[in-house]
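Coordinate inspection notes
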Amino acid sequence: MTAAVALPALDPHTLRGAFGAFPSGVVAVAAQVRGRLTGIAASSFTSVSVDPPLVSFSVATTSNTWPVLREASHLGVSVLADHHDDVCRQLAGPPESRFVGLPFRSTEDGAVLLDEAVATFDCTIHQEVEAGDHVIVVLSLHTVTDGGDGSPLVFHRSGFKRLSSDDLDQSKLDGRINGKDVDAA
């Protein structure tokens, strides 16, 4: 038998730095709740499943906005474009000024979708999973729009970045994901 070895505790500063090494897109999650615009910015958005269509994001358990936002019958998720860094900062600011001057549209079900987004999703909550100091929110998709060939805002190493494919050899991309052909249309 081998003896169990105690591992040193992970340093939160080092852990945040390592997490920040992985670039992620940024989304606005927003809705009309009790007649008021409510929303947050999240950099933890990811696709989950095509069948059924699901996406997810994470929100801190200390969020004052999530308990209100989760009351919405539908949530809008907008993938922020590379020129939306100020929009992201605004959505992370004081709740009463998060939507001042922002162009958006609301669906009949109250989902709020930002104009000029790279993509938008009209969603409902499928499941919430408590995970440490965050809640993973899995969303069912109802309507999706693709904003065209705009570039997304990227969060990397605690700052906003832009994507560039100038250095990539596009001829080496084989049009397949997970072994399946990707519909180019």
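Coordinates for the structure precede this section.
A brief report on the enclosed structure follows. (Residues numbered from 1 in each chain as written. Predicted model: local features only at pLDDT ≥ 70, side-chain atom pairs only at ≥ 80, totals over all residues. Heavy atoms only, no water.)

Next up on the list: the layout of surface pockets. Empty space within the largest pocket amounts to approximately 1200 Å³. What lines the largest pocket is a set of 33 residues, among which Ser-43, Ser-44, Ser-58, His-134 and Phe-155 lie closest to the centre. At the level of elements, α1 (12-20), β1 (24-25), β3 (36-42), β5 (54-60) and α3 (85-91) are the ones that each hand at least two residues to the lining of the largest pocket. Partitioning the lining of the largest pocket into residue classes produces 17 nonpolar, 11 polar and five charged. (1 Å grid on protein atoms, 1.4 Å probe; cavity = no way out; pocket = protein on both sides within 12 Å on 5 of 7 lines; lining within 4 Å. Points joined across faces, edges and corners; volume = space filled by probe spheres on them. Helix = DSSP H or I, 4+ residues; strand = E, 2+ residues; numbered from the N terminus. Nonpolar A, V, L, I, M, F, W, Y, C, P; charged D, E, K, R; others polar.)

We now examine the pattern of salt bridges. In this structure the tally under the stated criterion is five salt bridges. With its nearest N and O atoms 3.5 Å apart, the salt bridge here joins Asp-86 to Arg-89. Residue Asp-86 and its partner Arg-89 are located together in helix α3, separated by three residues, close to a single helical turn. (Salt bridge = Lys/Arg side-chain N within 4 Å of Asp/Glu carboxyl O.)

Turning our eyes to something else, we now look at the packing of aromatic side chains. The final tally for this structure, using the stated rule, is three aromatic pairs. Residues Phe-45 and Phe-121 carry aromatic rings whose centres are separated by 5.6 Å and whose planes lie at 40 degrees to one another, so their mutual orientation is tilted. You can see Phe-45 sitting in the loop between β3 and β4 (46-49) and its partner Phe-121 sitting in strand β9 (residues 119-131), a full 76 residues away along the chain. Classification of Phe-121 by relative accessible area gives buried; the value is 12%. (Phe/Tyr/Trp six-rings, centres within 6.5 Å; stacked < 30°, edge-to-face > 60°. Buried < 20%, exposed > 50% of the residue type's maximum accessible area, 1.4 Å probe, protein only.)

Let's shift gears to the environment of Arg-98. Structurally, Arg-98 is set in the loop between α3 and β7 (104-106). The buried category is assigned to Arg-98, whose relative accessible area is 9%. Measuring from C-alpha to C-alpha, the distance between Arg-98 and Thr-38 comes to 8.0 Å, with 60 residues separating the pair along the chain. Each residue touching Arg-98, except ones within four places of it in the same chain, is listed here: Gly-39, Ile-40, Thr-65, Gln-90, Leu-91, Ala-92 and Gly-93. Engagement of the side chain of Arg-98 in a polar contact is seen with the backbone oxygen of Leu-91, the distance being 3.1 Å. (Contact = heavy atoms within 4.5 Å. Polar contact = N/O pair within 3.5 Å; in protein donor to acceptor, adjacent residues only side chain to side chain.)

Now for the sheet that holds β3. Pairing is antiparallel across the open sheet formed by seven strands, whose spatial order is β3-β2-β6-β9-β10-β5-β4. Of all the strands in the sheet, the pair left with one neighbour each is β3 and β4. Each adjacent strand pair in this sheet contributes to an overall mean axis angle of 35 degrees, direction not counted. The pairing of β4 with β5 spans three bridges and is antiparallel. Note on β5: the bridge partner recorded for Ser-47 is Val-55. (Pairing = 2+ DSSP bridges. Axes fitted to C-alpha atoms, helices over the stretch in contact; angles between N-to-C directions.)

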